[in-house]
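What the coordinates show
If you want the building blocks of each chain, they are given just below.
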Amino acid sequence: MSSTTTYALGAVAVVLIALVVILVMRWTRDEAEVRNDGYGVVRNPAVVSVLAPDGAVQLGRVDAKKTIDLYEDPMCPACGEVERVYSQELAQAVDEGALAVRYRFVNFLDPKSSSKDYSTRAIAANECVAEAGSGPVYAAFHEKLFVTDQPDEGGDLTNQQLADLARDAGAGEETVQCVATGARVEAARTHAKAALDQLNGLLDGKAATPAVFAGPTRLDVNNENWVVETAR
């Protein structure tokens, strides 16, 4: 066999091995086990949602022992995956008062939506629902946005579809109309920019989502026990 043929076969083998590794990594990621599966979303009526002046949404009991900051973009597939795997574990920690979650939303994936502003409009919808104050309702809406009804990149949801999700989550009519009319879109755009600037500051100008922090310490969401360890 000529050396040329040997090199060619070797190159093919390397490509095939690389392909297998990529497929295994994707399969592993796609099949990540849902933590605390069956618990569902936040259910404790003592849990409230609080919309801060800077647009952050805090979900938790007033006596929560710790607060973590979770940066997300509504169009971000990796954010959806983290929520799919860990949201139920987080929900129990929030219900029990071990943790409160302060959501900070960015919108750098707006261009990935067909409307070119989905992330911003979804953040506005989050603000409408959070402002009403019900923790269980906000948690149910957030779960829809990031897990059950998150659009693929290139996709979209209209304001009316977002409003329908809010209604399905248990939001009142005033909140539903806030979402449907896009009442908080401009405020959401301002808040998202501030959150992105803050995230860039934390990550040395390399903002990426999801990003979770306990104080100044970034938590490793690839560590399957990060929720349990943080809630101790």
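Structure: see above.
Heads up: these notes are all about the structure in this document. (Residues numbered from 1 in each chain as written. Predicted model: local features only at pLDDT ≥ 70, side-chain atom pairs only at ≥ 80, totals over all residues. Heavy atoms only, no water.)

1. Regarding the pairing of strand 4 (residues 99–105)
Selection rule: With a 1.4 Å probe rolled over the protein chains alone, any residue whose accessible area is under 20% of its type maximum counts as buried; one over 50% counts as exposed, and the rest are partly exposed. Only DSSP runs of H or I reaching four residues or more are called helices, and only runs of E reaching two or more are called strands; each is numbered from the N terminus. Strands are labelled as partners when DSSP assigns at least two bridges between them. Assignment of crossover handedness uses the view with strands pointing away from the viewer, where a clockwise path from the first strand over the helix to the second indicates a right-handed crossover.
The element strand 4 is largely enclosed, with a buried count of 6 among its 7 residues. The pairing of strand 3 (residues 66–72) with strand 4 spans 7 bridges and is parallel. Of the residues in strand 4, the one forming a bridge with tyrosine 71 is arginine 104. Once the chain exits strand 3 it traverses helix 2 (residues 77–96) before rejoining the sheet at strand 4, and the crossover so formed is right-handed.

2. Brief notes about the side chain of threonine 120
As a reminder, the rule being used: Note on contacts: a residue pair is in contact if any heavy atoms of the two residues lie within 4.5 Å.
By secondary structure assignment, the location of threonine 120 is in helix 3 (residues 118–131). The exposure class assigned to threonine 120 is buried, which follows from its relative accessible area of 0%. Discounting residues that sit within four places of it in the chain, threonine 120 has contacts with Asn107, Asp110, Val185, Ala188 and Arg189.

3. Some remarks on unusual backbone geometry
Here the amide bond leading from threonine 209 into proline 210 is cis, since omega sits at 0 degrees, within 30 degrees of zero. Relative to the assigned elements, proline 210 resides in the loop between helix 7 (185–202) and strand 5 (211–214). In this structure, lysine 116 is a non-glycine residue whose phi angle is positive, near 70 degrees. Among the structural elements, lysine 116 can be located in the loop between strand 4 and helix 3. Look at aspartate 204: it is not a glycine, yet its phi comes out positive at around 55 degrees. The exposure class of aspartate 204 is exposed, given its relative accessible area of 70%.

4. Considering the packing of aromatic side chains
Defined as follows: Whether two aromatic rings pair depends on their centres lying within 6.5 Å, for rings of Phe, Tyr and Trp, where Trp uses its six-membered ring; planes under 30 degrees apart make the pair stacked, over 60 edge-to-face, and the rest tilted.
The final tally for this structure, using the stated rule, is 5 aromatic pairs. Seen in terms of ring centroids, phenylalanine 105 and phenylalanine 146 are 6.3 Å apart; in terms of plane orientation they differ by 20 degrees. Their pairing is stacked. Of this pair, phenylalanine 105 sits in strand 4 while phenylalanine 146 sits in helix 4 (residues 135–148); the two residues are 41 residues apart in sequence, bridging distant segments of the chain. You'll find phenylalanine 105 and phenylalanine 146 in the same group, each marked buried. Taken together, the ring pairs in this structure connect Tyr103, Phe105, Tyr138 and Phe146 into an aromatic cluster.

5. A closer look at the sheet that holds strand 6 (residues 217–219)
Quick note on the threshold: Orientation is described by lines fitted to C-alpha atoms, with helices fitted over the stretch in contact, and by angles between N-to-C directions that extend from 0 to 180 degrees.
Read from one edge to the other, the open sheet built from 6 strands follows the order 1-2-4-3-5-6, with strand pairing classed as mixed. The open sheet has two edge strands with one neighbour each: strand 1 (48–51) and strand 6. When strand polarity is set aside, the average angle formed by the axes of neighbouring strands in this sheet is 25 degrees. When strand 1 meets strand 2 (residues 57–60), the two strands line up antiparallel, connected through 4 bridges. For valine 48, the partnering residue across the bridge sits in strand 2 and is glycine 60.

6. Observations regarding the nonpolar core
Keep this limit in mind: Throughout this description, the term nonpolar core refers to a set of buried Ala, Val, Leu, Ile, Met, Phe, Trp, Tyr and Cys residues connected via side-chain atoms within 4.5 Å.
Residues Leu59, Ile68, Tyr103, Tyr138, Phe141, Val179 and Trp226 are the most contacted members of the largest nonpolar core, which totals 57 residues. The residues contacting phenylalanine 141, other than those within four sequence positions of it, are Ala125, Asn126, Val129, Leu162, Leu165, Ala166 and Ala169. Core analysis: the next-biggest nonpolar cluster, separate from the first, contains 5 residues, Tyr71, Leu199, Ala211 and Phe213 among them.

7. Remarks on the environment of lysine 206
Mapped onto the fold, lysine 206 is located in the loop between helix 7 and strand 5. With 10 residues separating them along the chain, lysine 206 and leucine 196 place their C-alpha atoms 10.0 Å apart.

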